[in-house]
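# Remarks on the overall topology
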Amino acid sequence: MAHDAPKATGPTKLVIRNIGLVLSGALEKPILDADTIVAVDGKISAIGRGPDIDTTGATTIVDANGTTVAPGLIDSHVHPVAGDWTPRQNQIGWIDSFLHGGVTTMISAGEVHMPGRPRDVVGLKAMAVFAQRAFWTLRPGGVKVHAGAPVIECEMVEDDFKELAAAGVKLLGEVGLGGVKDGPTARKMVAWARKYGIQSTIHTGGPSIPGSGLIDKDVVLEADTDVVGHINGGHTALPYDQIRCICEGCKRGLELVHNGNERAALYTLRIAREMDELGRVILGTDAPAGSGVQPLGILRMVSMLSALGEVPAEIAFCFATGNTARMRSLDCRLIELGRAADFVIMDKAQHSAGKNILESVRLGDLPGVGMTIIDGIVRTQRSRNTPPATRVPDIVGR
Ligand SMILES: [Zn+2]
């Protein structure tokens, strides 16, 4: 298909051995009994115990040295613009910095910071197609940036969504950041998008910056987007009774973002747990934004929710991996046969009070990232951004 990501050339076989802990990303079984993972041509082909697994013919061998392998983290809410540059805080290299924070996939919630962003229908469609193509071709550091997320305007008609879908656009930007701010119009357009396979999200809560508006529970529930974007506000959260109403009033994804209200995030997590619906919780940073970019934002959310939300660390990692992958229909972010070999290899940070990585996260510390792998290819080694990991993996053979 024309819009697929570029693949590695030539046959490759990656073997990761001597793994201390494998986090699956799946809530129903967050820890796997395995010490070895094999990926052929960028897809996971074996997971298990060393002696049972065929590791011959490896093109890359990684000795994990007893560290933890998790699926690469997903940031469900970013605002990219062009290349690895953001005009919002005028930074270059922010996506590469996120990779050093373990993020291997990003999902655009709209390229809203594009200087001179077109708001007419022809212009916004052209920009969405451009962004989708440009990011899928570029892939800074190897990071998979799912971009091309148009922000809907009142003049759009059903054929516009059909046309966007045919051109490879799979996402809508946050409903509410454009001219459509009312429930009935949003609902109509979100349904058109869904009909053609385009996923949707919404700006929940108070205005993010001057010029944006309030989206309250009535609009959120009526619009019925696939994801309730930053239910903890971006940054201003809705009152708690409205957050509860949204959680109980739909079955859609509940997105918690770093650039939101942390107390409201903890409240949402509590409601989701009470409802036994932790599978709906996904994480984003909502960066770049007024509060900047946070290369460690997803790790910080995992740690914050685990430490203050009383969630085991291996469950909190699912919010940033398997939950999002399932909700967003991605082929990665779960350690399962056939999935993309996208991993983050971590260990507890040096001098953390925790006995191991899971306890250290539960105590509110960040793990140290020692390596990232995307499509079976090593992309980074010891992170320049996280606290140093106690142990790091080595490449021992190619
Ligand atoms: Zn927003």
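How each quantity is defined
Counting restarts for each chain, with residues numbered from 1 along the sequence as it is written. This being a predicted model, a pLDDT of at least 70 is required before a residue's local features are given, and a value of 80 or more before pairs of side-chain atoms are given or counted; all residues contribute to the totals for chains, interfaces and linings. Side-chain metrics in this entry use all non-hydrogen atoms of the structure; hydrogen atoms and water are not considered. What pLDDT expresses is the predictor's confidence in each residue, scored from 0 to 100. Contacts were defined at the residue level, with two residues in contact if any of their heavy atoms lie within 4.5 Å. A 1.4 Å probe rolled over the protein chains alone gives each residue an accessible area, and that area as a share of the maximum for its type sets the label: buried under 20%, exposed over 50%, partly exposed in between. Helix numbering and strand numbering both begin at the N terminus, where a helix is a DSSP run of H or I of at least 4 residues and a strand a DSSP run of E of at least 2. Viewed with both strands pointing away, a crossover whose connecting path from the first strand over the helix to the second turns clockwise is right-handed. Two strands make a pair as long as DSSP finds a minimum of two bridges between them. In this tally, Lys and Arg are treated as positive and Asp and Glu as negative; His is ignored, and so are the chain termini. For this document, the term salt bridge refers to a Lys or Arg side-chain nitrogen within 4 Å of an Asp or Glu carboxyl oxygen. Whenever a nitrogen or oxygen atom comes within 3.5 Å of another N or O atom, the pair is scored as a polar contact, on the condition that within protein one atom can donate a hydrogen and the other can accept it, and that pairs from neighbouring residues in sequence are kept only if both atoms are in side chains. Only N, O and S atoms count as donors, using a 2.8 Å limit from the metal and a wider 3.2 Å limit for Na, K and Ca, and since water is excluded some coordination spheres may look unfilled. Whenever a helix is involved, its axis is fitted only over the stretch in contact; in every case the axis is a line through C-alpha atoms, and angles between N-to-C directions fall within 0 to 180 degrees.

Low-pLDDT portions of the prediction should not be read for the details of their coordinates. With 97% of its residues at a pLDDT of 70 or more, the protein has an overall mean of 95. Low pLDDT, under 50, characterises residues 1-6; the predicted model gives this stretch 13 contacts beyond four residues in sequence or across chains.

Within strand β16 (residues 253-257), 5 of the 5 residues are buried, which leaves it mostly tucked inside the rest of the structure. Burial of β16 is two-sided: the residues G253, E255 and V257 facing one way and the residues L254 and L256 facing the other way are all buried. Once you follow strand β15 (residues 227-228) into helix α6 (residues 240-249) and on to β16, the crossover reads as right-handed. The pairing of β16 with strand β17 (residues 281-284) spans 4 bridges and is parallel. Within β17, the position partnered with E255 by the bridge is I282. For the crossover that starts at β16, traverses helix α7 (residues 262-274) and ends in the parallel β17, the hand is right-handed.

Among the secondary structure elements, K348 is positioned in strand β18 (residues 343-348). The charged side chain of K348 is buried without a salt bridge, its nearest counter-charge being E359 at 7.7 Å. Among the polar contacts listed, one links the side chain of K348 to the backbone oxygen of G354, at a separation of 2.7 Å.

Summarising the metal site, the zinc ion is bound by the protein donors E174 (OE), H203 (ND1) and H230 (NE2), whose distances to it range over 1.8 to 2.2 Å. Judged by its relative accessible area of 1%, E174 falls in the buried class.

Moving on to unusual backbone geometry. The amide bond that connects G234 to the next residue, H235, takes the cis arrangement and shows omega of 20 degrees. Note that H235 resides in the loop between β15 and α6. With an omega dihedral of -15 degrees, the bond running from A287 to P288 counts as a cis peptide bond. Looking at the secondary structure, you find P288 in the loop between β17 and α8 (297-308). A positive phi angle, close to 20 degrees, is found at H230, a residue other than glycine. Within the secondary structure, H230 is located in the loop between β15 and α6. Since its relative accessible area comes to 0%, H230 is described here as buried. One non-glycine residue, H351, lies in positive phi territory at about 70 degrees.

To continue, consider the sheet that holds strand β20 (residues 377-380). Taking strand neighbours across the sheet as the criterion, the 6 strands line up as β3-β2-β7-β18-β19-β20 in an open arrangement whose pairing is mixed. Edge positions in the sheet fall to β3 (31-32) and β20, since each has one partner strand and no second. As defined by bridge partners, strand β2 (residues 21-23) adjoins β3 across 2 bridges and the pair is classed as antiparallel. Looking across to β3, one finds that V22 is bridged to L32.

For the rest of this paragraph, the subject is the sheet that holds strand β21 (residues 394-397). Spatially, the 5 strands line up as an open sheet ordered β5-β4-β1-β6-β21, and their pairing is mixed. Each end of this open sheet is capped by a strand with a single partner; those strands are β5 (43-48) and β21. On average, each strand axis in the sheet is tilted by 20 degrees relative to the strand beside it, whichever way the strands run. Pairing of strand β1 (residues 13-17) with strand β6 (residues 60-63) involves 4 bridges; the strand directions are parallel. Looking at β6, one finds that L14 is bridged to T60.

Within a regular beta strand, the side chains point alternately toward one face of the sheet and then the other, so they alternate between its two faces. In terms of burial, strand β4 (residues 36-40) is a largely internal element, 4 of the 5 residues being buried. Pairing of β1 with β4, which is carried by 4 bridges, proceeds in the antiparallel orientation. Bridge pairing in β4 places L14 opposite A39. In this sheet, β5 lies alongside β4 in antiparallel orientation, the contact comprising 5 bridges. For T36, the partnering residue across the bridge sits in β5 and is G48. A loop of 2 residues connects β4 with β5, the two strands running antiparallel in sequence, and D41 in this loop sits at a positive phi of about 50 degrees.

To continue, consider the pattern of salt bridges. Should the charged atoms of two oppositely charged side chains come close, the side chains can pair. Per the stated rule, a full pass over the model turns up 26 salt bridges. Linking R326 and E28 is a salt bridge whose minimum nitrogen-to-oxygen distance equals 2.8 Å. Here R326, found in helix α10 (residues 322-328), pairs with E28, found in the loop between β2 and β3; they are 298 residues apart in sequence, far enough to count as distant. Residue class for E28 comes out exposed when judged on its relative accessible area of 56%. Between R244 and E274 there is a salt bridge, with the nearest N and O atoms lying 3.5 Å from each other. One end of the pair, R244, is in helix α6; the other, E274, is in helix α7, and 30 residues separate them in sequence.

This paragraph deals with the side chain of E277. Here E277 shows up in the loop between α7 and β17. Reaching out from E277, the side chain makes a polar contact with the side chain of R280 at a distance of 2.5 Å. Other than its neighbours up to four places away in sequence, E277 contacts K251 and A272.

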